[in-house]
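# Analysis of the macromolecular model
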Amino acid sequence: MLSSHLGSDALAIELEQIEQEIEWRMCSSDWYYWLETYVYTKDENDRANPFKKFLEGRELPYVWLVGELYLNERRLIILKSRQLGITWLLCALDLWECLFQAGRFIPITAYKEGDAADILDRIKFIFEGVPSDPRAPGLPVWMRTRVMVTAPKKTWLREPFQMEFSNGSMIRAGPEGSENLRGKTISRWKNEESRSQPRLEQTAQSVLPAVQGDAQACFVSSAGPGYFQALVEDKLEAGDAPQREMYPTDIPGVQVWKNKRNQYLVVRIHYTADPQKQDPEWIKRATAGMPPYQVDQEYEIDFGAAAGTPAIPVFQDRERLIVIQPFEIPDHWPRYAASDYGTENPYCCLFFAVGPDRELYVYWEYYAPGPLGMHLSVIKNYRTVPGRDPDF
């Protein structure tokens, strides 16, 4: 600061205010400068140095690209490996936008209430740090007091958490099912870890009509089957082949394309986009003890990695106890059918009989993705064979 050499307290204060105003304008016009200069993050896995500047000591060539797309693209999908700092980056950008632009409204949908609270906790940490720990200073006091923030709050179960800024901006985060955006003017809707949300399609259908004009929508997630995969692969109907326009990029591990049907821009970020993670030893350490399919899905961005893996692995170990040789089911045993229609996950239907000792014998299983009409047709055809039709 210049004030330590000026001699006049009044002049020193005035110069300090001018200096802060210049800094404010620099930050408001250059998000990357603000991110590089002021944003601290928290790494619970680093016991020695849990608090650090986001970009300190790291060269992350994808950060500028992702930030520009996130702030400017109307329809965006960020498909990512884990441990790239994308969640922290987007939290910082949400805060930057609400600090330096008045009247912004950024609703965020997460899977569960705890996930929504975690997002607001990250934003709050960037804003105010840990007051009792100088290693986590948060934003400068003069920057914080310029746009006062109410404490994150919620009033009812499943209501979203909110951070309200004195310039009229607001960040709201809640679990899927908590969206109530009628009458709201949305600046950007962000859906976090989309692959985990079983009602993602219904959520999107309820929210996207409110995303009008220059408003933005962004899905952020690692790979996983369901509606998120259909969005990424631009499949409006089962069997649709991807139709995309690839955009050139010189960043290793990063691909960018535009879906021609749903008009989403997709940026795919593999962990090798971080130079520090290009060493094969890194992925071995990061995924030690993880099942191979989980590594492929969450780090290699493979949507089909979990296909064919057991939903409940322990059943494999007990196969000899639950799988028996076929036999003719007596006609007098009661027979039942049970089904579970998932909009995100495959449809499942089981036919089973109840033995005299109340054991259940499953004699037919149907498990497949697709529209309900297709499933009902298969089940109807199976039931036309005598002796298969359940009683209930």
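This text follows the structure it describes.
Nothing here was measured: the structure is a model prediction, and the numbers come from that model. (Residues numbered from 1 in each chain as written. Predicted model: local features only at pLDDT ≥ 70, side-chain atom pairs only at ≥ 80, totals over all residues. Heavy atoms only, no water.)

## Here we look at unusual backbone geometry
In this structure, Glu193 is a non-glycine residue whose phi angle is positive, near 50°. Here Glu193 lies in the loop between β7 (188-192) and α7 (200-207). Given a relative accessible area of 16%, Glu193 falls into the buried group. The phi angle at Asp234 is positive, at roughly 60°, despite the residue not being glycine. Mapping Asp234 onto the fold places it in the loop between α8 (227-233) and β9 (244-247). (Helix = DSSP H or I, 4+ residues; strand = E, 2+ residues; numbered from the N terminus. Buried < 20%, exposed > 50% of the residue type's maximum accessible area, 1.4 Å probe, protein only.)

## As for the sheet that holds strand β13 (residues 347-354)
Here three strands make up an open sheet; going across it, the order is β12-β13-β14 and the pairing antiparallel. If you trace the sheet from one side to the other, it starts and ends with β12 (335-340) and β14 (360-368), each paired once. Adjacent strand axes in the sheet meet at a mean angle of 15° when their direction is disregarded. Relative to β13, β12 runs antiparallel, the two being bridged by six bridges. Looking at β13, one finds that Ala338 is bridged to Leu350. In this fold helix α13 (residues 372-383) packs onto β13 and β14, with an angle of close to 140° to the strand it touches most, β14. (Pairing = 2+ DSSP bridges. Axes fitted to C-alpha atoms, helices over the stretch in contact; angles between N-to-C directions. Contact = heavy atoms within 4.5 Å.)

## Remarks on the packing of aromatic side chains
The geometry of an aromatic ring pair is captured by two quantities: the separation of the ring centres and the angle between the planes. One pass over the structure, following the stated rule, counts 20 aromatic pairs. Between the aromatic rings of Trp34 and Phe100, the centroid separation amounts to 6.3 Å while the plane-to-plane angle is 85°, which identifies the pairing as edge-to-face. A residue pair is termed long-range when its members are at least 10 positions apart, and Trp34 in helix α2 (residues 31-38) and Phe100 in helix α4 (residues 86-100) qualify at 66 residues. You can call Trp34 buried: its relative accessible area is 0%. Under the relative-accessibility criterion, Phe100 is labelled buried at 14%. Linked through ring pairs, Tyr347, Phe351, Tyr363, Trp364 and Tyr366 together constitute an aromatic cluster. Lying over the aromatic face of Phe54, Arg58 brings its terminal NZ or CZ to 5.3 Å of the ring centre. (Phe/Tyr/Trp six-rings, centres within 6.5 Å; stacked < 30°, edge-to-face > 60°. Lys NZ or Arg CZ within 6 Å of the ring centre and 35° of its normal.)

## Here we look at the pattern of salt bridges
If you walk through the whole model with that rule in mind, you get 18 salt bridges. For Lys52, the salt bridge goes to Asp46, with nearest N and O atoms at 2.7 Å. With a relative accessible area of 21%, Lys52 lands in the partly exposed category. Residue Asp46 is classed as partly exposed on the basis of its relative accessible area of 22%. Lys190 is the partner of Asp94 in a salt bridge, and the nearest nitrogen-oxygen pair spans 2.8 Å. On the criterion of sequence distance, the pair formed by Asp94 in helix α4 and Lys190 in strand β7 is long-range, its members being 96 residues apart. Like Lys190, Asp94 is buried. Linked through salt bridges whose partners overlap, the residues forming this network are Asp94, Glu97, Arg104, Arg188, Lys190 and Glu192. (Salt bridge = Lys/Arg side-chain N within 4 Å of Asp/Glu carboxyl O.)

## Section: the nonpolar core
Nonpolar side chains in soluble globular proteins generally cluster together in the buried interior. Ranked by internal contacts, the top residues of the largest apolar core, which has 68 residues, are Trp34, Leu35, Tyr62, Ile78 and Ile269. Not counting chain neighbours up to four residues away, the residues in contact with Tyr62 comprise Leu84, Ile86, Ile251, Val254, Ile269, Ala273 and Asp274. (Core = buried A, V, L, I, M, F, W, Y, C linked by side-chain atoms within 4.5 Å.)

## Some details on the sheet that holds β9
As summarised here, the arrangement of the nine strands in space is β5-β6-β4-β7-β8-β3-β11-β10-β9, forming an open sheet in which the pairing is mixed. Each edge of the open sheet is held by one strand with a lone partner, namely β5 (161-164) and β9. When strand polarity is set aside, the average angle formed by the axes of neighbouring strands in this sheet is 15°. Bridge analysis of strand β4 (residues 105-110) against β7 gives two bridges, and the strand direction is parallel. Bridging from a neighbouring strand, Ile108 pairs with Lys190 of β7. Packed on one face of the sheet, α4 meets β3 (75-80), β4, β6 (170-175), β7, β8 (216-221) and β11 (265-269) and runs near 160° to β7. In the packing of helix α5 (residues 113-128) onto the sheet, contacts are made with β4, β5, β6 and β7, and the angle to β5 comes to roughly 20°.

## Let's talk about the packing of helix α1 (residues 9-29) against α2
Between α1 and α2, whose axes approach to 5 Å, the crossing angle comes to 115°. Contact with α1, carried on its side by Glu23, Met26, Cys27 and Ser29, involves Trp31, Tyr33, Trp34, Thr37 and Tyr38 of α2 and no other residues of that element. A class-by-class count of the residues in the contact of α1 with α2 yields six nonpolar, two polar and one charged. (Nonpolar A, V, L, I, M, F, W, Y, C, P; charged D, E, K, R; others polar.)

## Focus on the pairing of strand β10 (residues 254-259)
For β10, the buried fraction is high: five of the six residues fall into the buried class. Of the strand pairs in this sheet, β9 and β10 are connected by four bridges, and their pairing is antiparallel. When the bridges of β10 are listed, Arg244 appears paired with Asn259. From the end of β9 to the start of β10, which pair antiparallel, there are six residues, and Gly253 there has a positive phi angle of about 85°. Where β10 folds back onto β11 in an antiparallel hairpin, the turn is made up of five residues, including Gln263, whose phi is positive at roughly 65°.

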